[in-house]
Structure formats: C-alpha cells, structure tokens
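Here is how the chains run, residue by residue.
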Amino acid sequence: MTPTAVRLLKGAIILLAFGPILVEWVGFAGVVARINYCLLVPFLALILARQGWRNSEPLPSPAESSTIAGYLCLGCSGALLIVGSLSGIFTLSIAGFPLAVLGWVGLNWGTAGLFRMRYALLMLFAMVPFPLPLLDYATPTMVRTSGAAAAAFVSPFDPTSTWVGSNLTYNGWTLHVAEACSGSGTLLVLGSLTLFMAGLFRMRAVAIVVTLLLVTPITIVINGLRIAVMAWVLDGFGIEAVTGTGHEILGQGVVIAGAAALAVGVDRVTSMVARWRSKQEAKA
C-alpha cells in the first residue's frame with residue numbers, strides 16, 4: 001500500500017472507532033443552544049489545517065522516535081473512549097477524538113507534523129462541550145454581572161434606572177433577564193473564536209492566553225450591551241420589537257458585532273506587534 005493509502009486507512013479506523021460517539025455528539029450539540037457552536041469547530045479546524053499545510057514543503061517520513069507522541073496520544077484517546085463509554089460520561093468519550101486526531105498526525109508526520117498543525121489541533125479540542133453543570137453554576141453570576149454592565153450603559157440616559165435581582169428598570173419599563181440570556185453561550189462562542197483567530201493570525205502562546213483571559217470580561221460587556229440595547233428598543237418601539245423574532249435578531253446582532261470587534265482588535269494588535277518586531281529586527 002502507498003503511504004497515502006496507509007494514512008487514509010488509519011484515519012478510517014479512528015472514525016470507525018469514534019463513529020457512534022460522533023453521531024451522539026452531533027445530536028447533543030444540535031439540540032442544546034449553549035453548545036451548538038461545537039458543530040462549527042471541525043470546519044474551522046479544517047480551515048486552519050489547510051492554512052498550515054498550504055505552500056509548505058512536504059514532510060518526510062518520521063523517525064521512530066518522532067512518532068512516540070502519536071502513540072501516546074492514541075493510547076490516551078482509547079482510554080478516554082473506553083472509560084467514558086463504561087462510565088456513561090459523554091464528555092470523556094468525545095474528548096478522546098481530538099486526541100486521536102493528534103495521534104494520527106503524530107504517527108504520520110511525527111513531531112514536525114504536530115508543530116505544523118498545532119493551531120488546527122488546538123482548535124479541534126473546542127469541539128468538546130463545556131460541562132453544562134459548570135455552566136449552570138456560573139449562570140447566576142453571569143446574570144448579575146451582565147445586568148450591572150447593562151445598568152451602567154443605560155444610566156446616562158436614565159439616572160433613575162436600577163438593576164435589582166434579574167430585573168432592569170429603565171424609563172418606567174422593567175426588563176427581566178432570564179438565565180438563558182446570561183451570556184454563557186456567548187462566552188463559549190468567543191472562546192472558540194479566539195482559538196480560530198490564534199491560528200488565523202499565528203498568535204504566540206502568550207497572546208493566546210491573554211486573549212482567552214480577556215474573553216470573560218469582554219463577554220460581560222457584550223452581554224450587558226445586548227441587554228441595554230433591548231431596553232432602548234423597548235422604550236422606543238414597544239414590547240413587540242423585543243419579543244419573538246425581534247428579540248433573537250437584536251441579541252444575535254449585538255453578539256456578532258462584538259465578535260467582529262474582537263476579531264478586528266486582535267488583527268490590529270497582531271499587526272502592530274508584527275511591525276514593531278520588524279523595526280526591532282531592522283535596528284539589530
């Protein structure tokens with residue numbers, strides 16, 4: 001068999017082993033609104049993989065010592081699949097799939113392949129759903145902080161506006177913020193977007209960590225702004241404008257705008273750092 005055929009056979013075996021879990025993953029992520037962002041992750045990882053491989057020299061067959069990491073990752077992925085299946089813990093089972101892909105890359109191209117594909121492989125781990133009990137635990141705090149941010153946004157227009165419990169009062173209106181609007185879904189979407197931008201802009205490890213740490217406060221600001229926009233539209237156009245389809249369009253519009261702003265911000269900062277490095281290298 002040709003090397004390409006062997007690689008495809010190994011990949012097919014991995015897909016066969018994780019097939020039932022992946023089918024369950026698609027069904028689960030598709031019906032839970034807070035984690036349906038996971039469905040986009042494999043496609044984003046493929047984009048990063050293509051970017052990492054495009055215009056690059058073909059890698060030679062790896063030495064035996066270079067494939068050790070691949071075997072270790074495959075072993076760990078198999079262990080997670082077995083333990084997760086026997087214990088009924090879905091997160092453990094699906095966490096084995098990105099590890100299996102990492103092992104497949106390590107076996108075929110060694111450590112050089114792992115380094116070249118590092119951004120795509122990191123992105124792929126975002127397909128593991130965040131444990132919902134932890135999200136539920138954090139939801140009340142997210143609601144409180146988002147509400148406080150919303151009150152700060154609307155207070156210049158109505159100094160008497162208040163945030164009490166889960167209710168924002170503005171110009172005589174009372175806007176109740178449900179737990180579903182806590183921003184936990186936005187937090188996970190922006191976290192995944194950060195990983196994608198890390199590969200797209202070839203960010204360094206420190207920049208990735210700093211951006212991920214900033215995702216939580218950025219999410220609170222975006223979610224607070226979303227609630228404030230709802231209050232402004234409610235005051236200007238009435239209840240019909242912020243219920244049903246109007247509510248969804250407004251909410252998603254603010255989130256998309258916030259995600260775009262984050263992407264532009266990271267792009268600008270990355271460009272500034274690149275120019276600064278070029279100047280430093282020119283001086284040296």
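Residues numbered from 1 in each chain as written. Predicted model: local features only at pLDDT ≥ 70, side-chain atom pairs only at ≥ 80, totals over all residues. Heavy atoms only, no water.

**Section: the sheet that holds strand E1 (residues 162-164)**
- Taken in spatial order, the 3 strands make up an open sheet running E1-E2-E3, and their pairing is antiparallel. In this open sheet, the two edge strands, each paired with only one partner strand, are E1 and strand E3 (173-176). Within the sheet, the average angular offset between the axes of one strand and its neighbour, ignoring direction, is 20°.
- In the sheet, E1 pairs with strand E2 (residues 167-170) via 3 bridges, with the strands oriented antiparallel. Bridged to Trp163 within E2 is Leu168. (Pairing = 2+ DSSP bridges. Helix = DSSP H or I, 4+ residues; strand = E, 2+ residues; numbered from the N terminus. Axes fitted to C-alpha atoms, helices over the stretch in contact; angles between N-to-C directions.)

**Some words on the pairing of E3**
- By the bridge criterion, 4 bridges tie E2 to E3 in an arrangement that is antiparallel. Following the sheet pairing, Asn167 is matched in E3 by His176.

**Description of the packing of aromatic side chains**
- Per the stated rule, a full pass over the model turns up 5 aromatic pairs.
- Residues Phe28 and Phe90 carry aromatic rings whose centres are separated by 5.6 Å and whose planes lie at 75° to one another, so their mutual orientation is edge-to-face. Here Phe28, found in helix H1 (residues 3-31), pairs with Phe90, found in helix H4 (residues 90-116); they are 62 residues apart in sequence, far enough to count as distant.
- By relative accessible area, Phe28 is classed as partly exposed at 28%.
- Summarising the aromatic geometry, the rings of Phe157 and Trp232 are spaced 5.4 Å apart at their centres and angled 75° between planes, so their arrangement reads as edge-to-face. A residue pair is termed long-range when its members are at least 10 positions apart, and Phe157 in the loop between helix H6 (132-154) and E1 and Trp232 in helix H8 (residues 205-237) qualify at 75 residues.
- Here Phe157 falls in the exposed class, since its relative accessible area comes to 54%.
- When its relative accessible area of 28% is taken as the criterion, Trp232 is described as partly exposed.
- A connected cluster of aromatic rings, assembled from ring pairs, spans Trp53, Trp104 and Trp109.
- For the cation-ring pair, Arg116 lies above Trp53, with the distance from its terminal atom to the ring centre recorded as 4.9 Å.
- One residue, Arg118, lies across the ring of Phe115, its end atom 3.9 Å from the ring centre. (Phe/Tyr/Trp six-rings, centres within 6.5 Å; stacked < 30°, edge-to-face > 60°. Buried < 20%, exposed > 50% of the residue type's maximum accessible area, 1.4 Å probe, protein only. Lys NZ or Arg CZ within 6 Å of the ring centre and 35° of its normal.)

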